[in-house]
Amino acid sequence: MTREEMLAYCLGKPGAWLDRPWEGDEVVKVGSRIFAFLGAPDGTARVGVKCGPTREIADEWLHRFPADARPMPYVGRSGWNALDLGGDIPDDELVEAVDGSYQAVVAKLPRRERPA
């Protein structure tokens with residue numbers, strides 16, 4: 001899966017929109033919250049997603065894909081991982097990870113910010 005394909009998939013989620021909160025970095029949000037970090041368009045092709053409610057649960061990805069998954073800086077302790085695109089992680093599992101991150105973020109949004 002390419003970065004462009006992942007971005008298109010993320011933006012296809014209900015209520016999803018592209019934001020650039022930091023110079024050169026792109027994220028996809030639903031409501032006011034990020035559910036996917038994509039980084040710089042010319043950087044390494046990866047997606048940062050919420051992989052579990054705790055670091056221990058998110059660590060499953062690190063054990064299964066040690067070369068292509070790592071805790072995200074700053075937010076990794078909260079269950080966020082960076083998953084490389086185009087590596088050993090199958091595309092369907094990347095999509096499932098994005099779906100899970102989206103659902104976890106939507107569940108925490110105030111009702112007024114949730115997509116219809």
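Quick summary incoming for the structure in this document. From a predicted model like this one, the values you see are computed outputs, not experimental measurements.

1. Concerning the pairing of strand S2 (residues 25-30)
Where burial is concerned, most of S2 is hidden: five out of the six residues are buried. Sheet topology note: the strand S1 (residues 16-22)/S2 ladder contains five bridges and is antiparallel. Residue Trp 22 lies in a different strand from S2, and its bridge partner there is Asp 25. In this antiparallel pair of consecutive strands, S1 and S2, the connection spans two residues, and Gly 24 shows a positive phi of 85°. Judged from the five bridges that link them, S2 and strand S3 (residues 33-39) form a sheet pairing that is antiparallel. Looking across to S3, one finds that Val 27 is bridged to Phe 37. Where S2 folds back on S3, the antiparallel hairpin that results is connected by two residues, among which Gly 31 adopts a positive phi of roughly 60°.

Calculation notes
- Residues numbered from 1 in each chain as written.
- Predicted model: local features only at pLDDT ≥ 70, side-chain atom pairs only at ≥ 80, totals over all residues.
- Heavy atoms only, no water.
- Buried < 20%, exposed > 50% of the residue type's maximum accessible area, 1.4 Å probe, protein only.
- Helix = DSSP H or I, 4+ residues; strand = E, 2+ residues; numbered from the N terminus.
- Pairing = 2+ DSSP bridges.

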